[in-house]
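# Tertiary structure, described
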Amino acid sequence: MVHESQDDDTLHRRGLMLILSSPSGAGKTTIARKLLAEDDEIAASVSVTTRPMRPGEVEGKDYYFVDKAEFDRMVEANEFYEWAVVFGNCYGTPKAHIRDRLKAGGDVLFDIDWQGTQQLYQKAQADVVRVFILPPSLDELRRRLTGRGTDSAEVIAARMDRAQAEISHWDGYDYVVINDEVEGCFEKVREILAAERMKRTRQTGLIDFVRGLMRG
Ligand SMILES: Nc1nc2c(ncn2[C@@H]2O[C@H](COP(=O)(O)OP(=O)(O)O)[C@@H](O)[C@H]2O)c(=O)[nH]1
Ligand SMILES: Nc1ncnc2c1ncn2[C@@H]1O[C@H](COP(=O)(O)OP(=O)(O)O)[C@@H](O)[C@H]1O
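The rules behind the values
- Residues numbered from 1 in each chain as written.
- Chains lettered and ligands numbered in written order.
- Predicted model: local features only at pLDDT ≥ 70, side-chain atom pairs only at ≥ 80, totals over all residues.
- Heavy atoms only, no water.
- UniProt positions renumbered as here; feature names shortened; annotations may be inferred.
- Helix = DSSP H or I, 4+ residues; strand = E, 2+ residues; numbered from the N terminus.
- Salt bridge = Lys/Arg side-chain N within 4 Å of Asp/Glu carboxyl O.
- Buried < 20%, exposed > 50% of the residue type's maximum accessible area, 1.4 Å probe, protein only.
- Near = heavy atom within 4 Å.
- Polar contact = N/O pair within 3.5 Å; in protein donor to acceptor, adjacent residues only side chain to side chain.
- Areas by Shrake-Rupley, 256 points an atom, 1.4 Å probe, with all protein chains shown as cover.
- Nonpolar A, V, L, I, M, F, W, Y, C, P; charged D, E, K, R; others polar.
- Arc of directions from axis to C-beta.

- Labelled according to an unreviewed UniProt entry, the chain appears under the name Guanylate kinase, originating from Novosphingobium subterraneum.
- If you open the UniProt record of the chain and go to Sequence similarities (unreviewed entry), you find "Belongs to the guanylate kinase family."
- Here the chain is described in UniProt, under the heading Catalytic activity (unreviewed entry), as follows: "GMP + ATP = GDP + ADP".

This is how it looks when you write it as structure tokens:
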């Protein structure tokens, strides 16, 4: 649970920003979905966009939908950690909701590439935990992209062409996990998350607790 106050039996902690990146097809969406389904202390980051809402999309769940004037105002007011224009529409990661969530002890999951990772890290270094997921081999990466059945042969070829360039950014991450087998990879990501949650600097309730201990 996300703690609203410190009046419960666990020490209050500050949330963290968990970034999962990988070359396309290595399995970051699979790991992210499992984490979101099994861990109620973490929620996905919701971006702001000027793109029109698609049928079935939900405001505040898929995106926050705004018009261009409002998006420009948010850029001017420095309300984004990062933003970009993709296919003619603007997309940005808003600070406000994320800050509130971190303060309340909730974690936020980002499924973003190395460029977005660099930008987030520059803005929020102390809160960011960067995890890079590697495929066990390029042959297996190709098998996964093909097996997913979502992309044409051309798109798969383009993703394979980009894979080595993406892999070359592995050293910009705090942790690297090889996704050989899903359950094993998922467990490793969970262990990383568990350890990062225990970091002294994130346990904001510790000072009072230790003072109490010292007073006897
Ligand atoms: N930089 C950045 N890119 C984003 C953000 N949110 C979404 N995108 C990217 O915008 C692109 C288009 O997203 P979307 O309109 O949902 O279409 P789809 O994901 O291609 O179906 C994708 O490549 C997303 O990764 C964001 O907050 N910041
Ligand atoms: N460890 C694994 N072993 C075999 N297949 C996997 C593994 N992890 C993911 N997959 C499959 O590979 C495909 C690509 O995974 P996905 O999570 O969509 O990758 P990404 O989000 O990195 O593009 C999907 O069909 C997924 O079910």
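### Focus on the environment of K103
- With respect to the helices and strands, the residue K103 is situated in helix α3 (residues 95-103).
- Put simply, K103 and A69 are 34 residues apart on the chain and 29 Å apart in space, counted from C-alpha to C-alpha.

### With respect to the pattern of salt bridges
- Under the criterion given, the structure shown has 21 salt bridges.
- With a shortest N-O distance of 2.9 Å, E41 and R13 are connected by a salt bridge. Of this pair, E41 sits in the loop between α1 (28-38) and β2 (42-44) while R13 sits in the segment before β1 (17-21), and the two are 28 residues apart along the sequence.
- Judged by its relative accessible area of 22%, E41 is partly exposed.
- Of the residues examined, R13 reaches a relative accessible area of 8% and is grouped as buried.
- With a closest N to O distance of 2.8 Å, R144 and E140 form a salt bridge. With R144 and E140 both in helix α5 (residues 138-148) and four residues apart, this pair spans about one turn of that helix.
- One continuous salt-bridge network, built from bridges that share partners, spans R13, D39, E41, D107 and R197.

### Examining the site of ligand 2
- Within the structure, ligand 2 sits among 16 residues, and G25, T29, T30, R148 and N179 are positioned closest to it.
- R144 is positioned with one of its side-chain polar atoms (N or O) 3.2 Å from a nitrogen atom of ligand 2.
- For ligand 2, a nitrogen atom lies 2.8 Å from a polar atom in the side chain of N179.
- Contact with the protein chains hides 77% of the accessible area of ligand 2, taken as 560 Å² for the molecule alone.
- Elements with a contribution of two residues or more to the shell around ligand 2: α1 and α5.
- Taken together, the residues of the shell around ligand 2 break down into three nonpolar, seven polar and six charged.

### Section: the site of ligand 1
- By nearness alone, every residue bordering ligand 1 is listed as S47, R51, R54, Y63, E82, A84, V86, Y91, G92 and T93.
- Here S47 contributes a side-chain N or O atom positioned 2.6 Å from an oxygen atom of ligand 1.
- Within the contact set of ligand 1, an oxygen atom lies 2.6 Å away from a side-chain nitrogen or oxygen of R51.
- Surface burial for ligand 1 is 60%, taken as the share of its 580 Å² of free accessible area covered by protein chains.
- At the level of elements, β5 (80-86) and β6 (89-94) are the ones that each hand at least two residues to the shell around ligand 1.
- In the shell around ligand 1, the residues fall into four nonpolar, three polar and three charged.

### Description of helix α4 (residues 114-124)
- When we look at burial in α4, the residues that qualify are G116, T117, L120 and A124. Projected down its long axis, α4 shows its buried positions confined to an angular sector of 100°, all on one face.
- The backbone nitrogen of Q115 has a side-chain oxygen 3.2 Å away, supplied by the residue at the start of α4, namely D113.

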